[in-house]
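Listed below are the residues making up each chain.
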Amino acid sequence: MGYFFSVLFSLLIFCNNAFAQESTSPIRFSLFGGIALPQGDFGSTTNAKNEYKAGFANTGFCAMIEGSKNLNESVMWVSSLSLALNSMDESAIQSPYGKDYKVTAGSYLTSWAMTGIGFETAISSTINIYGVGQIGLLLSSFPEVKVSYLSYIDETTTTKMGTSFAYGFGAGVIINKFNIGLRYYSGKPEYEQSTSTVHRSDMGTSTRASTKKVQMPTTVLQLMVGINF
């Protein structure tokens, strides 16, 4: 929850700065909402031999706030902050274990703070097309995963927030004030992952804990509709 409020606070600062600059420099402010499609390993449900990179991420939702400032007639500086929420595919995680196992998992929450250069050109009096390339920072919250076997085993895996360098590109079309666009963002955050396993038997109960670092390639394709202000 603290992570959510820190991102929300950053979002509010971004909005305040955008509006503060509007009176002194030409800037366009845009709000978007749409779907987030996991790409590559992030959406994979199969791990290669000795490589545990499958993210099991489902299609989710995203929102973005973006500000762009003209550098000349067709080139602009574009900064954005977007959030994406993708649940995990519990049935795919459970499949290798068997029907007596139960798996519950949360959702990925990824935030992308990005900036870069874009271009825009008019193809009619009411329609513009644009493209953008960006770099920035990915902050990612990894879901908690619980695996249980009847009443004998309970295993819980929790993960600290991961961060990494991120890059991306996008394109879209503006019709009057409506903005239809896509953004492709990718990063490779490293996480510290802790697993606690409880075993129960006639001999009693035992607990085992372990900690490791893992990297999870995180790539999303965001398809969004928004409005320009």
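Note: the structure precedes this text.
The following refers to the structure shown. (Residues numbered from 1 in each chain as written. Predicted model: local features only at pLDDT ≥ 70, side-chain atom pairs only at ≥ 80, totals over all residues. Heavy atoms only, no water.)

**Considering the overall build of the chain**
Move 1: Looking only at helices and strands, the chain has two helices and 13 strands in total.
Move 2: Counting over 229 residues, the chain shows a buried share of 39%.
Move 3: Of the contacts made within the chain by residues no fewer than 6 positions apart, 68% connect residues no fewer than 24 positions apart.
Move 4: Summed over its atoms, the accessible surface of the chain is roughly 12,500 Å², and 59% of this surface lies on carbon and sulfur atoms. (Helix = DSSP H or I, 4+ residues; strand = E, 2+ residues; numbered from the N terminus. Buried < 20%, exposed > 50% of the residue type's maximum accessible area, 1.4 Å probe, protein only. Contact = heavy atoms within 4.5 Å. Areas by Shrake-Rupley, 256 points an atom, 1.4 Å probe, with all protein chains shown as cover.)

**A look at the pattern of salt bridges**
Two side chains of opposite charge can pair, provided their charged atoms sit close to one another.
Move 1: Enumeration according to the criterion identifies five salt bridges in this entry.
Move 2: Of the charged contacts, one joins Glu120 and Arg28 as a salt bridge, the two residues approaching to 3.0 Å between their closest N and O atoms. Of this pair, Glu120 sits in strand β5 (residues 107-122) while Arg28 sits in strand β1 (residues 27-38), and the two are 92 residues apart along the sequence.
Move 3: Ionic pairing is found between Arg183 and Glu66, a salt bridge with its closest N-O pair at 3.1 Å. (Salt bridge = Lys/Arg side-chain N within 4 Å of Asp/Glu carboxyl O.)

**Remarks on a nonpolar patch on the surface**
Move 1: The grouping of Leu31, Ile175, Phe178, Ile180, Val225, Ile227 and Phe229 at the surface amounts to a nonpolar patch, some 630 Å² of accessible area in total.
Move 2: Those elements that provide at least two residues to the nonpolar patch are β10 (178-187) and β13 (218-228).
Move 3: Position of Phe229 relative to the elements: it lies in the segment after β13. (Patch = residues over 30% accessible without salt bridge, like charges linked within 9 Å, V, L, I, M, F, W, Y side chains within 5 Å.)

**Side note on the packing of aromatic side chains**
Move 1: Taken as a whole and judged by the stated rule, the model has nine aromatic pairs.
Move 2: When the centroid spacing of 5.1 Å and the interplanar angle of 25° are considered together, the rings of Phe169 and Tyr184 count as stacked. Here Phe169 is found in strand β9 (residues 162-175), whereas its partner Tyr184 is found in strand β10, with 15 residues between them in sequence.
Move 3: In this structure Tyr184 comes out as partly exposed when scored by relative accessible area, which is 24%.
Move 4: Sitting over the face of the ring of Phe32, Arg183 holds its NZ or CZ atom 5.7 Å from the ring centroid. (Phe/Tyr/Trp six-rings, centres within 6.5 Å; stacked < 30°, edge-to-face > 60°. Lys NZ or Arg CZ within 6 Å of the ring centre and 35° of its normal.)

**A short note on the side chain of Thr219**
Move 1: Looking at the element boundaries, Thr219 is found in strand β13.
Move 2: If we ignore the near neighbours within four places in the chain, the residues touching Thr219 are Leu37, Pro38, Gln39, Phe42, Tyr184, Tyr185 and Ser186.

**Some points on the side chain of Thr110**
Move 1: Structurally, the position occupied by Thr110 is in strand β5.
Move 2: A distance of 3.3 Å separates the side chain of Thr110 from the side chain of Trp112, its partner in a polar contact. (Polar contact = N/O pair within 3.5 Å; in protein donor to acceptor, adjacent residues only side chain to side chain.)

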